[in-house]
Amino acid sequence: MLPDWLRPKGASTRLAVDVTFLETCSSRPSPVLPEGFSLSRMTGDEALPLYRFLYSTVGQEYCWWMRRSMPDAELGEILHDPAVHFMVLRDNSGEPAGFYELDLRQGGDANLAYFGLLPQAMGRGLGRALLDHAVARAFGAGSWRLRVNTCTLDHPNALPNYRRAGFAVRHVVSETWDVPDEYVPERLRRL
């Protein structure tokens, strides 16, 4: 059953998607970020607005909408959980370049809930370094498995990048989403 905040309140677009579920059970050596980039864990009062900005900006072209409609109280509860790691990649000027959300709340069964780069950071080799860092962090925290999923609306390189990073496809599920029109990218809007 969907929470009320996931149900469209106004006009929506029905989208058919295939969701691919992947996992890896092995880590790789500690990654090195490209020179001039740093990664930091965000907590406290600044986490929620930064998360909302990154989630919206990274996901706006790929129909990321669920966290955009989530109430602040619920999202804040997730971000303030000590077992959730909201990690922000920054350039040498301190500007955000990307992020990931690593959920360690299920003990050793970790989930890479969200992962992505801002548009201006793409194509610079940052994605692989950030993904390797997420994998190393999960296994460094004692996880025995790291799960992630992607869908046919995500960046076309998402699935190949996860596979190159050692994730194996476990199953694919066809779903239909009723997405509020305000969150549907222009390329997917009804005519």
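Above this text sits the structure in question.
This write-up is about the structure you can find in this document. Computed from a predicted model, the values in this text were never measured in an experiment. (Residues numbered from 1 in each chain as written. Predicted model: local features only at pLDDT ≥ 70, side-chain atom pairs only at ≥ 80, totals over all residues. Heavy atoms only, no water.)

### Some remarks on the packing of aromatic side chains
Alright, step 1. Tallying each qualifying case throughout the model produces 10 aromatic pairs.
Alright, step 2. Seen from their ring centres, Tyr51 and Tyr55 are 6.0 Å apart, and the 20° between their planes marks the pair as stacked. Of the two residues, Tyr51 and Tyr55 are both situated in helix α1 (residues 47-59); the distance of four residues between them amounts to about one turn of the helix.
Alright, step 3. Residue classification places Tyr51 among the buried positions, given a relative accessible area of 0%.
Alright, step 4. For the ring pair Phe86 and Phe99, a centre distance of 6.1 Å and an interplane angle of 80° mean the geometry is edge-to-face. Highlighted residues: Phe86 in strand β3 (residues 84-90) and Phe99 in strand β4 (residues 96-103), separated in sequence by 13 residues.
Alright, step 5. Note on Phe99: relative accessible area 0%, which makes it buried.
Alright, step 6. By way of ring pairs, the aromatic residues Tyr51, Tyr55, Trp64, Phe86, Phe99 and Tyr114 are connected into one cluster. (Phe/Tyr/Trp six-rings, centres within 6.5 Å; stacked < 30°, edge-to-face > 60°. Helix = DSSP H or I, 4+ residues; strand = E, 2+ residues; numbered from the N terminus. Buried < 20%, exposed > 50% of the residue type's maximum accessible area, 1.4 Å probe, protein only.)

### Examining the sheet that holds β4
Alright, step 1. One open sheet holds the seven strands; their spatial order is β2-β3-β4-β5-β6-β1-β7, and the pairing between them is mixed. Two strands close off the open sheet at either side, each with one partner strand: β2 (38-41) and β7 (168-180). For this sheet, the mean inter-axis angle between neighbouring strands, taken without regard to orientation, is 25°.
Alright, step 2. Of the strand pairs in this sheet, strand β1 (residues 12-24) and strand β6 (residues 145-151) are connected by six bridges, and their pairing is antiparallel. Directly across from Thr20, in β6, lies its bridge partner Thr150.
Alright, step 3. Contacts from α1 reach β3, β4 and β5 (109-117) within the one sheet, and its direction differs from that of β4 by about 105°. (Pairing = 2+ DSSP bridges. Axes fitted to C-alpha atoms, helices over the stretch in contact; angles between N-to-C directions. Contact = heavy atoms within 4.5 Å.)

These values are about where atoms sit, not about what they do.
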